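Chain by chain, the residues run as shown.
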Amino acid sequence: MDNILAGVSPLTIPGISPGVHEVKVTLTGYHDHTASGDLAAGGETASLDITLDPAPIPEQSPPAGISAGILSLICCSIVFFCRSGKKKP
């Protein structure tokens, strides 16, 4: 709340001063959600009902060197097995 870590949801924060406050809710794998509200003086209670939207999972591709390395290993294996099967005259 107001750029200060207030805790883990669900959460009740007593003694908040009157005025406008910003609340940011974050969770790994979800889009952050920011909301603000004006808390009046006189012991008013306010609540926020927030639903986080899932963030898209980034596609992971193998490192570029892996494909070339596997292809080289396969080619070398084929050459080795072809040569080891030949009989010398």
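Residues numbered from 1 in each chain as written. Predicted model: local features only at pLDDT ≥ 70, side-chain atom pairs only at ≥ 80, totals over all residues. Heavy atoms only, no water.

(A) Quick peek at the overall build of the protein. For the protein, the count of helices and strands is 1 helix and 2 strands. Listed by position from the N terminus, the elements making up the protein come as β-β-α. Across the 89 residues that make up the protein, the buried fraction comes to 4%. For the protein, restricting intrachain contacts to residue pairs at least 6 apart in sequence, the fraction spanning at least 24 positions comes to 20%. (Helix = DSSP H or I, 4+ residues; strand = E, 2+ residues; numbered from the N terminus. Buried < 20%, exposed > 50% of the residue type's maximum accessible area, 1.4 Å probe, protein only. Contact = heavy atoms within 4.5 Å.)

(B) Representation of the side chain of His21 in the model. Looking at where His21 falls in the secondary structure, it is placed in strand S1 (residues 19-25). Within polar-contact distance, the side chain of His21 engages the side chain of Asp2 at 2.6 Å. There is a polar contact of 2.6 Å between the side chain of His21 and the backbone oxygen of Ser17. Excluding anything up to four places from it in sequence, His21 contacts Met1, Asp2, Ile16, Ala35, Ser36, Gly37 and Leu39. (Polar contact = N/O pair within 3.5 Å; in protein donor to acceptor, adjacent residues only side chain to side chain.)

(C) Fine view of unusual backbone geometry. Omega for the bond connecting Ser9 with Pro10 falls within 30 degrees of zero, at -5°, which places this linkage in the cis form. On the secondary structure map, Pro10 appears in the segment before S1. At Asp2, a position not held by glycine, the phi torsion is positive, near 50°. On the secondary structure map, Asp2 appears in the segment before S1.

(D) Quick look at the environment of Thr26. Note on placement: Thr26 falls in the loop between S1 and strand S2 (33-39). Once the C-alpha coordinates of Thr26 and Ser9 are considered, the two residues, 17 residues apart in sequence, prove to be 10.0 Å apart. Look past the residues within four positions of Thr26 in its chain and what remains in contact with it is Asp32 and Leu52.

(E) Main features of a nonpolar patch on the surface. On the surface, Ile70, Ile74 and Ile78 cluster together into a nonpolar patch covering about 280 Å² of accessible area. Mapped onto the fold, Ile70 is located in helix H1 (residues 64-85). (Patch = residues over 30% accessible without salt bridge, like charges linked within 9 Å, V, L, I, M, F, W, Y side chains within 5 Å. Areas by Shrake-Rupley, 256 points an atom, 1.4 Å probe, with all protein chains shown as cover. Salt bridge = Lys/Arg side-chain N within 4 Å of Asp/Glu carboxyl O.)

(F) How the structure looks around the pattern of salt bridges. Considering all chains together, one arrives at 1 salt bridge under this definition. Here Asp32 and Lys24 are joined by a salt bridge, their closest N and O atoms 3.7 Å apart. Using a relative accessible area of 45% as the deciding quantity, one classes Asp32 as partly exposed.

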